[in-house]
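Structural description and commentary
Spelled out from the first residue to the last, the chains are:
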Amino acid sequence: MVIDFHTHIFPDKVAAKAIPHLASIIKQIPSMDGTLDGLRASMEQSGVDVSVVLPVVTAPHQFDSILRFASAVNEKWAENPDTRIISFAGIHPAHPDYKGQLRLIASEGFKGIKIHPNYQGMHFNDIQYKRLVYTASELGLAVLTHAGFDPVTPDEDFCSPDMILDVVQETAPPRLILAHMGSNTNYEESLKKLCGQNVYLDTAYSILHMEEELLTRMIHSHGADKVLFATDTPWADQKACVEKIQTLPGLSVEEKKQILSGNAQYLLGI
């Protein structure tokens, strides 16, 4: 089984505008059109069995509409598991009723939330994120955050390894997932400061841009039981990412199974 723990889709009409706009900023040709059907087609071509969708709430007022879309994705999963796509919820830490929103997210059966400090304009060790992470953890929700460089904010790091350590030390979240191997493009610092911490690292996007030796070293240093296969599709090709893990030298068959599906199955309860 292969589970992609980091993908992005939008409602069809939104995708038609959002994907070209984001592609112009990221300077990356998307691997698919950013729709639910586009993701399904990508999964079929790449051998991905399950994809996790991560919506991003860039302003507090977007919560309701994005939650409706995420809930609709999960309703399709509940009606027919062959849909094979499950969504996290998105939330903005500046919303005055973030606790109520987190309780709603948990009551609706979501497995976790996605946050993006760069898009939300707030440093990860801000008190509002610490409160959010702590409350989400109390409710049994996983928390997945963008970590490291992002082309939207090229001159400022909103989620550095030091900020992450601050949050981990204060809130002790049991299911904190750091995208892009803990610090996008700043992997050596992530290796030094984050490997061995009680966090999960996902391979999104980084998997095709890191040196193989460094990727393998990070996995061994951190432990394959704390690494999640992820692509960041449509900003990386799912098939190429699957092949990268399957052929990565230095990993045992068991380690590859943990990364490709076992760890995700545990976090998702599937």
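Residues numbered from 1 in each chain as written. Predicted model: local features only at pLDDT ≥ 70, side-chain atom pairs only at ≥ 80, totals over all residues. Heavy atoms only, no water.

Some thoughts on the pattern of salt bridges
With the rule as written, the count across this model stands at nine salt bridges. Notably, a salt bridge pairs D37 with R40, separated by 2.9 Å at the nearest N-O pair. With D37 and R40 both in helix α2 (residues 36-46) and three residues apart, this pair spans about one turn of that helix. The partly exposed category is assigned to R40, whose relative accessible area is 26%. Residue E213 pairs with R217 through a salt bridge whose shortest N-O separation is 2.8 Å. Placement of the pair is E213 and R217 together in helix α9 (residues 212-222), with a separation of four residues, close to one helical turn. Residues participating in the shared-partner salt-bridge network are K130, D166 and E170. (Salt bridge = Lys/Arg side-chain N within 4 Å of Asp/Glu carboxyl O. Helix = DSSP H or I, 4+ residues; strand = E, 2+ residues; numbered from the N terminus. Buried < 20%, exposed > 50% of the residue type's maximum accessible area, 1.4 Å probe, protein only.)

Concerning the packing of α2 against helix α10 (residues 238-247)
Look at α2 against α10: their axes get within 8 Å of each other, and the N-to-C directions meet at 35 degrees. Our pair here, α2 against α10, has a crossing hand that is right-handed. Within the contact between the two elements, α2 uses L39, S42, M43, Q45 and S46 and α10 uses Q238, K239 and V242. The class makeup of the residues in the contact of α2 with α10 is three nonpolar, four polar and one charged. (Axes fitted to C-alpha atoms, helices over the stretch in contact; angles between N-to-C directions. Left-handed = near helix turned anticlockwise from the far one by under 90°. Contact = heavy atoms within 4.5 Å. Nonpolar A, V, L, I, M, F, W, Y, C, P; charged D, E, K, R; others polar.)

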